[in-house]
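Per-entry structural report
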Amino acid sequence: MNDVEEVGLKLRIATVAFNPGTEIETMVRSISAGLGQLATDSDFCCDTVIVNNGRESSVLDALRRRCGVRIVSAETNLGYGRAINLAARDFAGDWLLIVNPDVEFKPGAIATLLAHALRHSRGAVFGPKILTPEGQTYPSARRFPRIVSGMGHALLGTLWPANPFTRHYQNLLRTDRDTRTDWLSGACLLVRMDVFREVGGFDPGYFMFFEDTQLGEDVAAHGWESVYVPAAVVCHDQGKSWRSRPREMLYAHHASALRYLGRVYSRPWQFPLRVLFALGLKLRVLILTEMKCAPGGKRRKIGVYLRRNNENS
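Definitions and cut-offs
Residues numbered from 1 in each chain as written. Predicted model: local features only at pLDDT ≥ 70, side-chain atom pairs only at ≥ 80, totals over all residues. Heavy atoms only, no water. Buried < 20%, exposed > 50% of the residue type's maximum accessible area, 1.4 Å probe, protein only. Helix = DSSP H or I, 4+ residues; strand = E, 2+ residues; numbered from the N terminus. Arc of directions from axis to C-beta. Contact = heavy atoms within 4.5 Å. Polar contact = N/O pair within 3.5 Å; in protein donor to acceptor, adjacent residues only side chain to side chain. 1 Å grid on protein atoms, 1.4 Å probe; cavity = no way out; pocket = protein on both sides within 12 Å on 5 of 7 lines; lining within 4 Å. Points joined across faces, edges and corners; volume = space filled by probe spheres on them. Salt bridge = Lys/Arg side-chain N within 4 Å of Asp/Glu carboxyl O.

1. Let's talk about helix 3 (residues 58–67)
Residues Val59, Leu60, Ala62 and Leu63 constitute the buried set of helix 3. All buried residues of helix 3 fall inside an arc of 160° around its axis, so they share one side. For helix 3, the exposed residues lying more than 90 degrees away from the buried face are Ser58 and Arg65. Each element contacted by the buried residues of helix 3 is listed here: strand 1 (10–17), helix 2 (23–35), strand 2 (45–52) and strand 3 (70–73). Residue Ser57 occupies the N-cap position of helix 3, its side-chain oxygen lying 3.2 Å from the main-chain nitrogen of Val59. The positive-phi residue at the C-terminal boundary of helix 3 is Gly68, with phi of around 75°.

The following block contains the structure:
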């Protein structure tokens, strides 16, 4: 970690809470392990900001008292991207580490991300390897969704996870070295702060989902790169929010998908495509809502595949 220790850096860790449980305590307590020796380096400065999108929380109050984190009350549910923008608004430091509250940093994960980031002069967004609670690698480094790969993944990914469209879309599942990619999962992102300002932060038009994909688009449009760093490892229980509110999550996911595709295919002559996307996404969300939200006794075995693959989309 000498690359980091030799350069005085300022890091802000930003996350968003919505009526959290103990998972956010696990995340905050794992920060020290993730920082490794940086946690005691006098030339390294790190603070943690939690934006509270929900009601008052005893869990957050306890973290403020015991761990020294700063709690920012949003007073209303801003969604994910806008809340992260709020957390970063007064930060004048070098790096912003964006993390979901249900992520756990493995030893040295943050220090490794920083050390590798300093080696990539055109890198602006860096993402670690993300493991599921079962120890499987989550496909967090992906290509931009386009007509062929995106629609193929959307249509076949739930029934045939190994289809060629999904394999193309989730393109860096097994790499073991730093690799440029189109975009990285917002579950855990290290972002060069001056570039985050340059692109205007997360697009506030996304309530949740696809703000990370759009960030990848915006970073690339400004001549910067997104880099996957599998040497840094975190664990993410990405299914919790889906299990607690499947209907709301499905509608939010598909609304954001439509906004994203509308931006990618925004030319006047592409209007028929946008209509097709809207109809296709509406049909998809109706089907998935029926399968994911039906009474437990009526769910089919296929619902397991739908849940797993929607969490990965």
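2. Re empty space enclosed by the protein
Applying the stated criterion across every chain yields a total of one cavity of 30 Å³ or more. Looking at the largest cavity, the residues that line it are Val125, Trp183, Leu184, Leu189, Asp212, Leu215, Gly216 and Ser226. Sorting the residues of the lining of the largest cavity by element identifies strand 10 (183–184) and helix 9 (211–221) as the ones contributing at least two each.

3. With respect to the pattern of salt bridges
Summed over the entire model, instances satisfying the criterion amount to seven salt bridges. The salt bridge partner of Glu225 is Arg180, with a shortest N-O separation of 3.8 Å. Pair noted here: Glu225 is in strand 12 (residues 225–236) and Arg180 is in strand 9 (residues 179–181), with a separation of 45 residues, a long-range link. With relative accessibility at 60%, the residue Arg180 sits in the exposed group. Each of Arg12, Asp47, Arg70 and Asp90 takes part in one network of salt bridges that share partners.

4. A look at helix 9
Given 3.6 residues per helical turn, the α-helix brings residues three or four places apart onto the same face. With nine of eleven residues buried, helix 9 lies mostly within the body of the structure. Of all the residues in helix 9, the buried ones are Glu211, Asp212, Thr213, Gln214, Leu215, Gly216, Glu217, Asp218 and Val219. Remark: Gly223 follows helix 9 within two positions and exhibits a positive phi of approximately 85°.

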